[in-house]
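Reading the structure
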Amino acid sequence: FTTVGRTYEAEQSKNTIKACVHETQTIKGDATVRLRLREPVQTSQHYLPKGTLVSAQAKLSNGRLMLKITSIEINESVIPVELNVFDLDGQQGLSISDSQEISALTEMAANMSQTSGASIMMTQSAGQQLASDLGRGVVQGVSGYFSKKIKTPKVTLKAGLQVLLVAKQ
């Protein structure tokens with residue numbers, strides 16, 4: 001900051017580690033995302049060279065894909081860490097574009113598949129009634145399965161997507 005008569009330079013230490021998505025992948029629900037360090041990292045006891053691969057646990061939350069790293073494998077040793085992944089916009093997690101439209105479309109498709117087996121008509125004989133009940137059960141089971149599959153959100157991360165790793169404080 002500059003004021004009359006004095007100049008102050010605030011030296012801010014770096015608190016992020018540059019990384020990127022290692023390979024293109026589609027995430028459905030909770031998954032693991034491989035990240036590659038874009039710069040070397042020195043901790044109090046370990047050195048991680050540029051290009052080291054780390055795994056982040058992914059979870060969709062409020063229109064963002066939250067990523068968290070809880071451990072890193074170094075020289076056949078597992079080191080516990082707490083690193084959160086931030087997007088380049090400075091917000092925790094990765095922004096998911098058009099998430100409201102995606103949610104609306106998946107809900108609509110899921111509701112259509114749930115109601116698809118509900119309109120079977122009653123028949124006259126016991127054999128036809130039994131066949132009708134079995135058929136309805138199969139259709140409802142299949143539509144329920146597809147309903148759950150459709151409701152599962154999918155996010156595609158492209159290789160090279162840049163992110164920032166920040167230690168939990």
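Everything that follows concerns the structure shown earlier in this document.
Residues numbered from 1 in each chain as written. Predicted model: local features only at pLDDT ≥ 70, side-chain atom pairs only at ≥ 80, totals over all residues. Heavy atoms only, no water.

Below, the discussion takes up the overall build of the chain. When you go through the chain residue by residue, the secondary structure sums to two helices and 13 strands. Looking at the 169 residues of the chain, the share that counts as buried comes to 26%. Looking at the chain as shown, the accessible area adds up to about 11,800 Å², and 54% of this sits on carbon and sulfur atoms. (Helix = DSSP H or I, 4+ residues; strand = E, 2+ residues; numbered from the N terminus. Buried < 20%, exposed > 50% of the residue type's maximum accessible area, 1.4 Å probe, protein only. Areas by Shrake-Rupley, 256 points an atom, 1.4 Å probe, with all protein chains shown as cover.)

Tracing the chain through its elements places Glu39 in the loop between strand E5 (31-37) and strand E6 (41-42). Judged by relative accessible area, Glu39 falls into the buried class, the value being 15%. Side chain to side chain, Glu39 and Lys14 meet in a polar contact 2.8 Å long. Polar contacts involving the side chain of Glu39 include one to the main-chain amide nitrogen of Lys18, which spans 3.0 Å. Excluding its chain neighbours within four sequence positions, the residues that come into contact with Glu39 are Lys14, Thr16, Ile17, Lys18, Leu48 and Lys50. (Polar contact = N/O pair within 3.5 Å; in protein donor to acceptor, adjacent residues only side chain to side chain. Contact = heavy atoms within 4.5 Å.)

What follows deals with the side chain of Arg64. Tracing the chain through its elements places Arg64 in strand E9 (residues 64-74). In this structure the side chain of Arg64 is engaged in a polar contact, spanning 3.4 Å, whose partner is the side chain of Asp89. There is a polar contact of 2.9 Å between the side chain of Arg64 and the backbone oxygen of Gly93. Ignoring sequence-local partners within four residues, the contact set of Arg64 consists of Lys59, Asp87, Asp89, Gln91, Gln92, Gly93, Leu94, Ser95 and Ile96.

Further remarks concern the environment of Gly51. As for its position among the elements, Gly51 is in the loop between strand E7 (47-48) and strand E8 (53-61). Here Gly51 falls in the partly exposed class, since its relative accessible area comes to 33%. For Gly51 and Glu39, which are 12 residues apart along the polypeptide, the C-alpha to C-alpha distance reads 7.3 Å. Those residues in contact with Gly51, other than ones at most four positions away along the chain, are Arg36 and Leu37.

Our next topic: the environment of Gln42. Topologically, Gln42 is positioned in strand E6. A polar contact of 3.2 Å, which involves the side chain of Gln42, links it to the backbone oxygen of His46.

Moving on to the pattern of salt bridges. This model, assessed by the stated rule, comprises three salt bridges. For the salt bridge of Asp89 with Arg64, the shortest nitrogen-to-oxygen distance reads 3.4 Å. Placement of the pair is Asp89 in the loop between strand E10 (77-86) and strand E11 (94-95) and Arg64 in strand E9, with a sequence separation of 25 residues. Given a relative accessible area of 44%, Asp89 falls into the partly exposed group. In this structure, Glu82 engages Lys168 in a salt bridge whose closest nitrogen and oxygen atoms are separated by 3.7 Å. Of this pair, Glu82 sits in strand E10 while Lys168 sits in the segment after strand E13 (162-167), and the two are 86 residues apart along the sequence. (Salt bridge = Lys/Arg side-chain N within 4 Å of Asp/Glu carboxyl O.)

Here we take up the pairing of E5. Pairing of strand E3 (residues 16-21) with E5 involves three bridges; the strand directions are antiparallel. When the sheet's bridge partners are listed, Val21 is paired in E5 with Leu35. The pairing of E5 with E8 spans six bridges and is classified as antiparallel. The partner of Leu35 across the bridge, within E8, is Val54. (Pairing = 2+ DSSP bridges.)

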